[in-house]
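Observations on the three-dimensional arrangement
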Amino acid sequence: MKLVLATSNKGKAREITVMYSDFEVIPYSELISPFEIIEDAPDFKGNALIKARAVYKALGDEEAIVFSDDSGISVEVLDGAPGVFSARYGGEEASDRDNLEKLMREVKKKGFSSSPAFYTAAIAIVCKEGEYTTHGWMYGDVVTEPRGDGGFGYDPCFVPKGYDKTLGELDDGVKSKLSHRSQALANAKPVLGVIRKMRER
Ligand code: IMP
């Protein structure tokens, strides 16, 4: 079954493609020109739906199954920030590195060298059969000195619960077992199974 991915984030696309190796995963930018999508919902689920609906509409293909991920990190000593603002924490044009550095700076400003934190991922699926969403979470701590260059985004400062290395240092296999995105994707598989069955009828 073909899934159109409503993201241009290479890190996310890579993880989704690996985990969904039994599907044909196509980034929407290979089908139409990428366009700006305003993600202004107050939560991850709302933003995931905004992205999937926008790409479904722009494709103009009733048969398409569009798949999106909205995710981010919430840090306890920052009262849950950056949360849904994770992608633009360091400013509208911020790179992953700018965002990571701002996060570590803000934790240090509060007088801490680490803090409990968690990642959230919301997956939205939009197709002619309906709209569906699933979630996953990963708990751990953020540290204020980045370590390792694996993963993407905030991974060099995130130590998953039960480990003493950051996601930047751990190999990809560990992240794919533990991550918020892996869990949300695992929860979405039965939904895709039901859509497949409906289409085979
Ligand atoms: P989105 O593309 O609007 O969902 O933004 C997600 C933001 O959270 C980006 O800044 C990502 O770098 C960050 N993020 C989401 N998932 C992860 C992850 O698995 N590792 C590191 N950063 C992540």
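Structural data are supplied above this passage.
Rules of the game
Throughout this description, residue numbers start from 1 for each chain and increase along the sequence as written. In keeping with the model being predicted, local features are shown solely for residues with a pLDDT of at least 70 and side-chain atom pairs are shown and tallied solely at 80 or more, while totals for entire chains, interfaces and linings include all residues. Where side-chain values are given, they derive from all heavy atoms of the structure, hydrogens and water being excluded. Put simply, two rings from Phe, Tyr or Trp (the six-membered ring, in Trp's case) pair if the centres are within 6.5 Å, and we call them stacked under 30 degrees between planes, edge-to-face over 60, tilted for the rest. Exposure categories follow from relative accessible area, calculated using a 1.4 Å probe and restricted to protein chains: below 20% of the type maximum is buried, above 50% is exposed, and the middle band is partly exposed. When the NZ atom of lysine or the CZ atom of arginine is within 6 Å of a ring's centre and also within 35 degrees of its normal, the charge is said to sit over that ring. Cavities and pockets were defined on a 1 Å grid built over protein atoms only: a cavity is a set of grid points that admits a 1.4 Å probe from which the probe cannot escape, a pocket is an open set flanked by protein on both sides within 12 Å along at least five of seven lines, and lining residues are those with an atom within 4 Å of any such point. Grid points are joined across faces, edges and corners, and a volume is the space filled by probe spheres set on the points. The secondary structure listing takes helices from DSSP runs of H or I that are at least 4 residues long and strands from runs of E that are at least 2 residues long, numbered from the N terminus. Residues are grouped as follows: Ala, Val, Leu, Ile, Met, Phe, Trp, Tyr, Cys and Pro are nonpolar; Asp, Glu, Lys and Arg are charged; all remaining types, including Gly, are polar. Strand pairing is defined by DSSP finding a minimum of two bridges between the two strands.

In this structure the tally under the stated criterion is five aromatic pairs. Measuring from centroid to centroid gives 5.1 Å for Tyr20 and Phe23, while their planes differ by 35 degrees, and the two rings are tilted. By relative accessible area, which is 0% here, Tyr20 ends up buried. Taken together, the ring pairs connect Tyr20, Phe23 and Phe67 into an aromatic cluster. Across from the ring centre of Tyr89, 4.4 Å away, lies the NZ or CZ of Lys102, which sits over that ring.

All right, on to the layout of surface pockets then. Unfilled space is identified by rolling a water-sized probe across the atoms. Reported here for the largest pocket is a volume of approximately 1,100 Å³. Counting residues per element, the ones that place at least two in the lining of the largest pocket are α1 (10–19), β3 (66–75), α3 (96–109) and α5 (180–200). The biggest single contributor to the lining of the largest pocket is α1, with four residues. Along the lines of polarity and charge, the residues of the lining of the largest pocket split into 11 nonpolar, 12 polar and 13 charged. Empty space within the second largest pocket amounts to approximately 210 Å³. Lining the second largest pocket are 13 residues, with Arg14, Glu15, Val18, Asp172 and Ser176 positioned closest to its centre. Elements represented by at least two residues in the lining of the second largest pocket include exactly α1, α4 (172–178) and α5.

When strand β4 (residues 114–127) meets strand β5 (residues 130–143), the two strands line up antiparallel, connected through 14 bridges. If you follow Cys127 over to β5, its bridge partner there is Gly130. The turn linking β4 back onto β5 is made up of two residues.

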